Amino acid sequence: MDAAAVTSSPSTPVLLPGVVGPSGQPTTLGVMGGGQLGRMFVHAAQTLGYRTVVLDPDPSSPAGLVAHAHIATSYLDGTGLFGLAGMADAITTEFENVPAEALHALAAQRPVAPGAAAVAVCQDRAAEKAHFMACSVACAPHALIETPEQLAAVPDRLLPGILKTTRMGYDGKGQIRVTSREDLEAAWLDLKQVSCVLEARLSLAFEVSVIVARNAAGEVVHYPLQQNLHRDGILAVTTVPAPDLTPALQAQAITAAETIAARLGYVGVLCVEFFVLQDGSLVVNEMAPRPHNSGHYTIDACDVSQFELQVRAMCNLPLVAPRLHSPTVMLNLLGDLWFDAEGREHTPNWSGVLALPGVHLHLYGKHAARPGRKMGHLTCTAATEEQVRQTGLRAAHILGLSRW
Ligand code: ADP
Ligand code: MG
């Protein structure tokens, strides 16, 4: 999709922090979604002097708990959306599955960044891949499966493959690995025959992601690439600088991400995930129209965080090129850590990890730990890449996480 095809919000004025805005209040920023990404956005906005309002149906959502105001309605509730547009001078989103209709309704009243059209592309794996191809960025060979005929016509070269639902997948959910045509048929049934994309299973050497921020004037800045290790489809460890990446691949990924953002007319923070294949080539995987789990390290290891850039982009404030001031390792803290080998709940050994120099603990304020649930993360910083790796490994050992 070209920028010209993107519906635009009311043009964003420069929204300075801490001044009285059109609502008679200090400038207020709104966010759709109250998860941990929304919470860290709220923290960044508040640091800059903005008021914040969160819309999320969960009365104890992590972002709702720390915002100035929390509207606890569903994302499509007219009263909730009206309330959000009434309070907020500009609105952003913290998860990609926010209904496009809700963003359209908000955009009629307030500047919304990223825009509904860009978010819609990211919500749909088929549209996303079409956009990557339109940008001449290589993605995995794939086929759309919406009918039994399309299922039968799948070419052999896509097997073994991964069948992924076109919409609503995240953290490895909504995808099944298949080897044969029989597997494929069974998997599509398992996924209730919803619209799917079958991707050829590629031989990955490792995975990286890049985060860019772009404003309405088309200025774009980026972070260094993150190298990401996933376990059971969920991000487990992020290392920056990416230890296995060549400068040439780094430059290729940054150019690709900037093109992908520009051709969406994108305003905000965008994360693009890539595979580096065994043959050394770069293949784009997917993108997220928001700050990303692999960018949490930017709070502690960079001079401007991905959440502050989200604020700056939506408020039309200057974007500055971020600088990594420390090598870093980020460990995700999933709910599994709250359970011992017998399944009894316990508190992870925070004193142990906090005794390590250069450890920054972030907990999201979620009340109940469940296996696989993202409860927090831990960022390690140190003077050298070797030292930070050692700190990360020691923290992992103390918490009972696997080595990498
Ligand atoms: P999600 O939206 O759940 O993050 P992804 O498409 O990123 O879904 O897939 C999750 C993980 O599965 C990836 O990070 C990668 O490790 C693996 N994976 C996904 N697609 C492929 C593929 N085509 N070939 C090999 N591995 C893949
Ligand atoms: Mg992914």
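Basis of the calculations
Residues numbered from 1 in each chain as written. Chains lettered and ligands numbered in written order. Predicted model: local features only at pLDDT ≥ 70, side-chain atom pairs only at ≥ 80, totals over all residues. Heavy atoms only, no water. Near = heavy atom within 4 Å. Polar contact = N/O pair within 3.5 Å; in protein donor to acceptor, adjacent residues only side chain to side chain. Areas by Shrake-Rupley, 256 points an atom, 1.4 Å probe, with all protein chains shown as cover. Helix = DSSP H or I, 4+ residues; strand = E, 2+ residues; numbered from the N terminus. Nonpolar A, V, L, I, M, F, W, Y, C, P; charged D, E, K, R; others polar. Buried < 20%, exposed > 50% of the residue type's maximum accessible area, 1.4 Å probe, protein only. Lys, Arg positive; Asp, Glu negative; His and termini not counted. Salt bridge = Lys/Arg side-chain N within 4 Å of Asp/Glu carboxyl O. Contact = heavy atoms within 4.5 Å. Pairing = 2+ DSSP bridges. Axes fitted to C-alpha atoms, helices over the stretch in contact; angles between N-to-C directions. Donors = N, O, S within 2.8 Å, 3.2 Å for Na, K, Ca; no water. Domains from an automatic or database assignment. Buried area = accessible area lost by both parts, 1.4 Å probe. Core = buried A, V, L, I, M, F, W, Y, C linked by side-chain atoms within 4.5 Å. Parallel < 35°, antiparallel > 145°, perpendicular 65-115°, else oblique. Left-handed = near helix turned anticlockwise from the far one by under 90°. 1 Å grid on protein atoms, 1.4 Å probe; cavity = no way out; pocket = protein on both sides within 12 Å on 5 of 7 lines; lining within 4 Å. Points joined across faces, edges and corners; volume = space filled by probe spheres on them.

1. Focus on the site of ligand 1
Close contacts around ligand 1 come from 20 residues, with Lys164, Gly172, Glu207, Asn285 and Glu286 the closest. Between ligand 1 and the protein, one listed contact pairs an oxygen atom with a side-chain N or O atom of His230 at 3.5 Å. At a separation of 3.4 Å, an oxygen atom of ligand 1 approaches a polar side-chain atom of Glu273. When isolated, ligand 1 has an accessible area of 540 Å², and the protein chains bury 92% of it. Where the shell around ligand 1 is concerned, the elements lending two or more residues are β6 (161-165), β7 (175-178), β8 (196-200), β9 (204-214), β13 (268-277) and β14 (282-288). Residue composition of the shell around ligand 1, grouped by class: 6 nonpolar, 5 polar and 9 charged.

2. Describing the side chain of Arg214
Considering the arrangement of structural elements, one finds Arg214 in strand β9. Comment: no salt bridge for buried Arg214; closest opposite-charge side chain is Glu258, at 8.9 Å. Among the polar contacts listed, one links the side chain of Arg214 to the backbone oxygen of Tyr266, at a separation of 2.9 Å. Those residues in contact with Arg214, other than ones at most four positions away along the chain, are Glu219, Val220, Ala261, Ala262, Gly265, Tyr266, Val267, Gly268, Ala313 and Leu319.

3. Considering the sheet that holds β6
What the 4 strands build is an open sheet, ordered β5-β8-β6-β7; its pairing is antiparallel. Lying at the two open borders of the sheet, with one neighbouring strand each, are β5 (142-145) and β7. Taking each pair of neighbouring strands and ignoring which way they run, the sheet shows an average axis angle of 20 degrees. Bridge count for β5 against β8 is 4 bridges, and the pairing is antiparallel. Opposite His142, over in β8, you have Glu199 as the bridge partner. Set on the sheet, helix α5 (residues 125-134) makes contact with β5, β6, β7 and β8; between it and β8 the angle comes to about 50 degrees.

4. Section: the coordination of the magnesium ion (ligand 2)
When four donors bind a metal tetrahedrally, each ideal donor-metal-donor angle is 109.5 degrees, and when six bind octahedrally, the ideal angles are 90 or 180 degrees. Distances from the magnesium ion (ligand 2) to its protein donors, Glu273 (OE) and Glu286 (OE), fall at 1.9 to 2.5 Å. With Glu273 in strand β13 and Glu286 in strand β14, this pair connects stretches of sequence that are 13 residues apart. Judged on exposure class, the residue Glu273 and its partner Glu286 are both buried.

5. Regarding the domain arrangement of the protein chain
Looking at the protein chain, the domain boundaries give domain 1 (3-112), domain 2 (141-200) and domain 3 (204-399). Computed from C-alpha coordinates alone, the two centres of domain 1 and domain 3 are separated by 24 Å. Contact residues are listed per partner, giving 29 residues for domain 1 and 26 residues for domain 3. Interface of domain 1 and domain 3: buried area, both sides summed, is about 2,100 Å²; carbon and sulfur atoms make up 67% of it.

6. Focus: the nonpolar core
What tends to happen in soluble globular proteins is that the nonpolar side chains get buried as a cluster. If you look at the biggest cluster of nonpolar residues, it comprises 30 residues, and the most contacted ones within it are Ile260, Leu270, Val272, Phe274 and Met287. Those elements that provide at least two residues to this core are α4 (116-122), β9, α8 (247-262), β13 and β14. Broken down by element, the residue count for this core peaks at 7 residues, all from α8. Sequence-distant contacts of Phe274, defined by excluding residues within four places in its chain, comprise Val137, Glu207, Val208, Val210, Ala253, Ala256, Leu282, Val283, Val284 and Asn285. Ranked by size, the runner-up nonpolar core spans 22 residues in total, among them Met40, Val42, Ala113 and Tyr364.

7. Brief notes about the packing of helix α2 (residues 78-87) against helix α3 (residues 100-107)
In the contact formed by α2 and α3, the axes pass within 10 Å of each other and the chain directions differ by 40 degrees. Between α2 and α3, the crossing angle belongs to the class labelled oblique. Judged by the sense of rotation from one axis to the other, the crossing of α2 with α3 is right-handed. Residues Leu81, Leu84 and Ala85 of α2 touch α3, and the partners they reach there are Ala102, Ala105 and Leu106.

8. Notes on empty space enclosed by the protein
Scanning the entire structure with this criterion turns up 1 cavity of 30 Å³ or more. The space that makes up the largest cavity amounts to roughly 100 Å³. Forming the walls of the largest cavity are 13 residues, and the residues nearest its centre are Glu96, Cys122, Gln123, Gly169 and Glu286. At the level of elements, α5 and β14 are the ones that each hand at least two residues to the lining of the largest cavity. Classifying every residue of the lining of the largest cavity by side-chain character gives 3 nonpolar, 5 polar and 5 charged.

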